[in-house]
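Single-letter residue listing:
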Amino acid sequence: MVSGAKKYLKNHLLKSLKDDFIPAFKFYKKRNTGYFSLMRIIFPYITFLGSLYKGVDETKSALELMVDYMGQIDNEYKDKSRIYYIAYRHGLLHTNMIKVFTYGKKKLGWYVSFANVGQGNRGDYIGTNLAMYPKLFFDDLCKAIELYIADFDFKTKQVKLMDNFKRGFIKMGTFYSIKDIGKDKIVQKFLRKGLKKYGI
């Protein structure tokens, strides 16, 4: 079972992330298009990995994965994962706009750079904007996934990691009833009509 989980993470999930991101990054560099798409590629993987790591499909799981594993790559992730995830993941996937924050009288915005950057640039502030370097972020996530995979070899962590992996995997692949979508009657009615139209 452990070897199967490790193979899935390495040969499927990590490979899929690389197969999605690297061609898109090369295309961006060549054509200067797809500005936000690189981050849209990365964050669903973090969401899914968080569910496998903690066994629950919720934002907290993704954040804990980032803090626990990306935080080993650079301490900046231990403090700033929440801002990155809410601003970039929630912002881009839900509204096509990165979120900005206020804290008292202070404002925190965003800044995306595709410059070649070295160590110590994670979590940079450009003025009052938290910088994001998509290629560096991708590289760090790949290293974090390798660390997560390696933890399956530790007997003290193995049982809990495997239990959570199984629960998370099953949860992410579960069929949903219309009733599970939410309490919004209009949404449920709309979905029922759509499914009925296609004979489902």
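Scroll up a little and you will see the structure.
The notes below deal with the structure included here. Here the structure is a predicted model, which means the values were calculated and not measured.

Criteria and thresholds
Residues numbered from 1 in each chain as written. Predicted model: local features only at pLDDT ≥ 70, side-chain atom pairs only at ≥ 80, totals over all residues. Heavy atoms only, no water. Pairing = 2+ DSSP bridges. Helix = DSSP H or I, 4+ residues; strand = E, 2+ residues; numbered from the N terminus. Salt bridge = Lys/Arg side-chain N within 4 Å of Asp/Glu carboxyl O. Buried < 20%, exposed > 50% of the residue type's maximum accessible area, 1.4 Å probe, protein only. Polar contact = N/O pair within 3.5 Å; in protein donor to acceptor, adjacent residues only side chain to side chain. Contact = heavy atoms within 4.5 Å. 1 Å grid on protein atoms, 1.4 Å probe; cavity = no way out; pocket = protein on both sides within 12 Å on 5 of 7 lines; lining within 4 Å. Points joined across faces, edges and corners; volume = space filled by probe spheres on them. Patch = residues over 30% accessible without salt bridge, like charges linked within 9 Å, V, L, I, M, F, W, Y side chains within 5 Å. Areas by Shrake-Rupley, 256 points an atom, 1.4 Å probe, with all protein chains shown as cover.

## Details of the pairing of strand β2 (residues 106–112)
Two elements, strand β1 (residues 101–103) and β2, share three bridges in a ladder whose sense is antiparallel. Bridge pairing in β2 places Thr102 opposite Lys107. Linking β1 back to β2 in an antiparallel pair, the connection comprises two residues, with Gly104 at a positive phi of about 65°. As paired strands, β2 and strand β4 (residues 129–132) are joined by four bridges and run parallel to one another. Of the residues in β4, the one forming a bridge with Val112 is Met132.

## Describing the pattern of salt bridges
Applying the stated rule across the entire model yields eight salt bridges. Here Asp153 ties to Lys6 by a salt bridge, and the two come within 2.7 Å at their closest N and O atoms. With a gap of 147 residues between them, Asp153 in the loop between α5 (134–151) and α6 (155–172) and Lys6 in helix α1 (residues 2–31) connect regions that are remote in the sequence. Classification of Lys6 by relative accessible area gives partly exposed; the value is 23%.

## As for the side chain of Asn164
Position of Asn164 among the secondary structure elements: in helix α6. Exposure remark for Asn164: the relative accessible area of 6% places this residue in the buried category. Of note is the side chain of Asn164, whose polar atom sits 2.6 Å from the side chain of Arg167. Those residues within four positions of Asn164 in sequence are excluded, and the remaining contacts are Ser51, Leu52, Tyr53, Lys54 and Gly55.

## Things to note about the layout of surface pockets
The computed volume of the largest pocket comes to approximately 170 Å³. Contributing to the lining of the largest pocket are Ile83, Phe101, Thr102, Tyr103, Lys106, Lys107 and Leu108.

## Observations concerning a nonpolar patch on the surface
Taken together, the side chains of Tyr35, Val100 and Trp110 present a nonpolar region at the surface, about 270 Å² in accessible area. Along the polypeptide, Val100 turns up in the loop between α4 (76–95) and β1. The exposed category is assigned to Val100, whose relative accessible area is 58%.

## Let's talk about the environment of Leu92
By secondary structure assignment, the location of Leu92 is in helix α4. You can call Leu92 buried: its relative accessible area is 3%. Leu92 sits 69 residues away from Pro23 along the chain, and the two C-alpha atoms are 20 Å apart. Discounting residues that sit within four places of it in the chain, Leu92 has contacts with Phe36, Met39, Arg40, Ala87, Met97 and Ile98.

Any link to function would need more than the numbers given here.
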